[in-house]
Amino acid sequence: MREDIEVDVVVAGAGACGVMAALRASENPDVVVAVLEKSMTEGCNAGVSSGSLAAGGTRFQAAAGIEDSAQRHTADILANSGDERHRDLVTALCTVAPDYVHWIADDLGYPMQVGVDMARKGMSVPRLHADPARAGGGPLMTHLRKFLADRPNVALLDEAPVTGLRVEDGTVVGVTASQGSHDLVVQAGVTVVATDGFAGNRALMQEHCAELGDPFHGGVSTATGDSIGWLSPLGAEFRNMSACLRHGQVTLRGTRVNPALPWLGAVLVNRRGERFVDEQAHGYSGLAGVIQAQPDERAVMIWDAEAQQTARHSEMMRESEQAGALLEAPDVAGLAEALRLDPLALALALKPLPGRRALVGPFHYAWLTHGVLTTQGGAAIDTTGRVLRTDGTTIPGLRAGGGAAVGLAGTHSAGYSSGNGLLSAFGMGWIVGDEIAAGVDLRVPTHR
Ligand SMILES: Cc1cc2nc3c(=O)[nH]c(=O)nc-3n(C[C@H](O)[C@H](O)[C@H](O)COP(=O)(O)OP(=O)(O)OC[C@H]3O[C@@H](n4cnc5c(N)ncnc54)[C@H](O)[C@@H]3O)c2cc1C
């Protein structure tokens, strides 16, 4: 059965970018929004994420005595990515980040604080924001979706995959989708593509990210890069397709350990008992490649009770503990026996690097490998989410953001800064939604 729908805005994907775009657009009660979500079985990547929001210059930071700004945030991201080509995009996203962090906390009532215990490579001051319980992105997305579902001018359709874009005379005028036995034809003034990247698509991963090998995929399976097939025939340009959000602290049970551990003194040792890296020299995305180069693509991370005291306050550590991935040994001899390593060689490997503190037994440890969480390449966009063709022109009627669009890591996964993923998604959702609420690009609605 075919059903025709007419709205002002149709959003493909109810993840971080799509939900934020719809929430902000529907702040204008005259704007009618339809959000189509492929599947809620696993939910979106934002829902399985750690829910850490990077923002520079928030009132939470000010209250904690942290001096930060959008400019500093931008500079940190660019220093890590080296991607000057996207300076304007990074600036635009960093500029709105404090606004949506404040809005989520103050207007939508979601508890938020700055994570002073969340040290990350390349982050010159603490700027990750999360709920005080460190519950991860699941409760945050549930909270945001509830507000969306309650809006009278929003239709939120789950189990409704978008199957393609509708195009008339080069202008995108909506989408086709399906829901159960219904074929949906949605007519819209603005179409927002927020369907994330392609880490769940083996063929596309092989095509663009073959050097990652066959990594554990820690994201949701709906991230199959559907938008690539929709946007390619329209002449869209794709950028940074080989960059990913990788993770070098994935346990063998598929969970992750707290990325702050290296800054709490944790040490990495490979199967040969060698300390092969300065643990603080890489972010977790860059560390993935270093772990991949080790024998069997594995290493063991070792830390002590003092580090555990801080690190345990995270959904990643709770999940790892539940999965049985966190182990303990009373002393170096016990650790060496458990790891089947020479005790003297292990004691040498555990010696602190200059300026670092020495770990003291009893020890905690976890076997780690590398994984990919999301891709960071996608459609080229301008600072307001308009999709760029290879000739530099924009595709009328269309916006894209989050993982469907180019990320902020530059051309390589090591260029990923912690918090970039949700910054791209919430940030562009915010920018696009606000423009729509203000009437930008909305054609005269035909449904009234
Ligand atoms: C384990 C993990 C931890 C992470 N932790 C963090 C973190 O702490 N901080 C951070 O900044 N980033 C983090 N990230 C990255 C972040 O989650 C993503 O970058 C972000 O969610 C991307 O937002 P998005 O809106 O593009 O995609 P998503 O949030 O994944 O939403 C996309 C939605 O589109 C739907 N969809 C796909 N195809 C279709 C279709 N054809 N039709 C309709 N719907 C479709 C999907 O089902 C999904 O619901 C993490 C990622 C993972 C996997």
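Rules behind the numbers
Residues numbered from 1 in each chain as written. Predicted model: local features only at pLDDT ≥ 70, side-chain atom pairs only at ≥ 80, totals over all residues. Heavy atoms only, no water. Domains from an automatic or database assignment. Contact = heavy atoms within 4.5 Å. Buried area = accessible area lost by both parts, 1.4 Å probe. Helix = DSSP H or I, 4+ residues; strand = E, 2+ residues; numbered from the N terminus. Buried < 20%, exposed > 50% of the residue type's maximum accessible area, 1.4 Å probe, protein only. 1 Å grid on protein atoms, 1.4 Å probe; cavity = no way out; pocket = protein on both sides within 12 Å on 5 of 7 lines; lining within 4 Å. Points joined across faces, edges and corners; volume = space filled by probe spheres on them. Disulfide = S-S within 2.5 Å. Phe/Tyr/Trp six-rings, centres within 6.5 Å; stacked < 30°, edge-to-face > 60°. Lys NZ or Arg CZ within 6 Å of the ring centre and 35° of its normal. Near = heavy atom within 4 Å. Polar contact = N/O pair within 3.5 Å; in protein donor to acceptor, adjacent residues only side chain to side chain. Nonpolar A, V, L, I, M, F, W, Y, C, P; charged D, E, K, R; others polar. Expected span 1.5 Å × (residues − 1). Arc of directions from axis to C-beta. Core = buried A, V, L, I, M, F, W, Y, C linked by side-chain atoms within 4.5 Å. pLDDT = per-residue confidence, 0-100. Pairing = 2+ DSSP bridges.

**Remarks on the domain arrangement of the chain**
Stage number 1. In terms of domains, the chain is made up of domain 1 (2–202 + 377–437) and domain 2 (245–372).
Stage number 2. The C-alpha-based centres of domain 1 and domain 2 are spaced at 33 Å.
Stage number 3. Contact residues are listed per partner, giving 17 residues for domain 1 and 20 residues for domain 2.
Stage number 4. Contact between domain 1 and domain 2 buries roughly 1,400 Å² in total, counting both sides, with carbon and sulfur atoms accounting for 56%.

**Considerations on the side chain of Asp76**
Stage number 1. As for its placement among the helices and strands, Asp76 is situated in helix H4 (residues 70–81).
Stage number 2. A residue is classified by how much of its surface remains accessible, and Asp76, at 13% relative accessible area, is buried.
Stage number 3. Among all residues touching Asp76, those that are not within four sequence positions of it are Gly122, Met123, Ser124, Arg127 and Ser417.

**So, the layout of surface pockets**
Stage number 1. For the second largest pocket, the calculated volume is near 210 Å³.
Stage number 2. Lining the second largest pocket are 14 residues, with Ala199, Arg202, Met205, Asp214 and Pro215 positioned closest to its centre.
Stage number 3. In terms of residue count, helix H7 (residues 202–208) provides more of the lining of the second largest pocket than any other element does, three residues in total.

**Re the state of the cysteines**
Stage number 1. Going through the model one piece at a time under the given rule, you end up with zero disulfides.
Stage number 2. A disulfide-free cysteine, Cys94 has its sulfur positioned 16 Å from the sulfur of Cys17, the nearest such atom.
Stage number 3. Of all cysteine sulfurs in the structure, the one in Cys209 sits closest to Cys244, which takes part in no disulfide; the separation is 3.7 Å.
Stage number 4. Taking relative accessible area as the criterion, Cys244 reaches 0% and is therefore assigned buried.

**Focus on the packing of aromatic side chains**
Stage number 1. Inspection of every chain in the model, using the stated rule, returns four aromatic pairs.
Stage number 2. Where Tyr100 meets Phe426, the ring centres are 5.9 Å apart and the plane angle is 50°; that geometry is what we call tilted. Residue Tyr100 is located in helix H5 (residues 87–107), and its partner Phe426 is located in helix H14 (residues 420–437); the two are separated by 326 residues in the primary sequence.
Stage number 3. Relative accessible area serves as the criterion here: at 0%, Tyr100 is assigned to the buried category.
Stage number 4. Judged by its relative accessible area of 1%, Phe426 falls in the buried class.
Stage number 5. Taken together, Tyr100, Trp103, Phe426 and Trp430 form an aromatic cluster joined through their ring pairs.
Stage number 6. For the cation-ring pair, Arg24 lies above Trp430, with the distance from its terminal atom to the ring centre recorded as 3.7 Å.

**Concerning the site of the ligand**
Stage number 1. In the vicinity of the ligand lie 36 residues, with Glu37, Asp196, Asp226, Gly403 and Leu422 positioned nearest.
Stage number 2. With respect to the ligand, the backbone of Gly419 contributes an N or O atom lying 3.1 Å from an oxygen atom.
Stage number 3. Contributions of two or more residues to the shell around the ligand are made by helix H1 (16–25), helix H2 (45–48), helix H8 (226–231), strand S16 (363–375) and H14.
Stage number 4. Of the residues in the shell around the ligand, the class split is 15 nonpolar, 16 polar and five charged.

**Topic: helix H6 (residues 137–150)**
Stage number 1. With 14 residues, H6 ought to run about 20 Å at 1.5 Å a step, and its terminal C-alpha atoms sit 20 Å apart, in line with that.
Stage number 2. Regarding H6, the residues found buried are Gly137, Leu140, Met141, Leu144, Arg145 and Leu148. Taken down its axis, H6 places every buried residue within 125° of arc, on the same side. Exposed residues on H6 whose side chains face more than 90 degrees from its buried face are Thr142, Lys146 and Asp150.

**Digging into the nonpolar core**
Stage number 1. Judged by nonpolar contacts, the single largest core of 88 residues is most densely connected at Val33, Leu36, Tyr100, Ile104, Leu144, Leu165 and Phe426.
Stage number 2. Here the element with the most residues in this core is H5; it accounts for twelve residues.
Stage number 3. In this view, Leu165 contacts Val172, Gly174, Val175, Thr191, Val193, Trp230, Leu231, Leu234 and Leu398; residues no more than four positions away in its chain are not counted.

**Here's the deal with the confidence of the model for the chain**
Stage number 1. Per-residue confidence for the chain averages 97 on the pLDDT scale, and 99% of its residues sit at or above 70.
Stage number 2. This model gives residues 444–448 a pLDDT under 50, and the stretch forms ten contacts once residues within four places in sequence are excluded.

**Examining empty space enclosed by the protein**
Stage number 1. Under the defined criterion, the tally for this structure stands at seven cavities of 30 Å³ or more.
Stage number 2. As a volume, the largest cavity reaches approximately 100 Å³.
Stage number 3. As for the largest cavity, its lining consists of 14 residues, of which Met118, Arg134, His313, Ser314 and Met316 are closest to the centre.
Stage number 4. At the level of secondary structure, the elements contributing two or more residues to the lining of the largest cavity comprise helix H10 (305–311) and helix H11 (315–322).
Stage number 5. Looking at the lining of the largest cavity, its residues break down into four nonpolar, six polar and four charged.
Stage number 6. Residues from two domains meet in the lining of the largest cavity; each of domain 1 (2–202 + 377–437) and domain 2 (245–372) gives at least three.

**Focus on the sheet that holds strand S4 (residues 113–114)**
Stage number 1. With antiparallel pairing, the three strands of this open sheet are ordered in space as S3-S5-S4. The sheet is open, and its two edges are formed by strand S3 (53–54) and S4, each paired on a single side.
Stage number 2. The pairing of S3 with strand S5 (residues 128–130) spans two bridges and is classified as antiparallel. Looking at the pairing, Ala54 lines up with Leu128 of S5.

**Focus: the pairing of strand S7 (residues 162–168)**
Stage number 1. Two elements, S7 and strand S8 (residues 171–179), share six bridges in a ladder whose sense is antiparallel. Of the residues in S8, the one forming a bridge with Leu165 is Val175.
Stage number 2. The hairpin turn running from S7 into S8, its antiparallel successor, is two residues long, and Asp169 in that turn takes a positive phi close to 50°.

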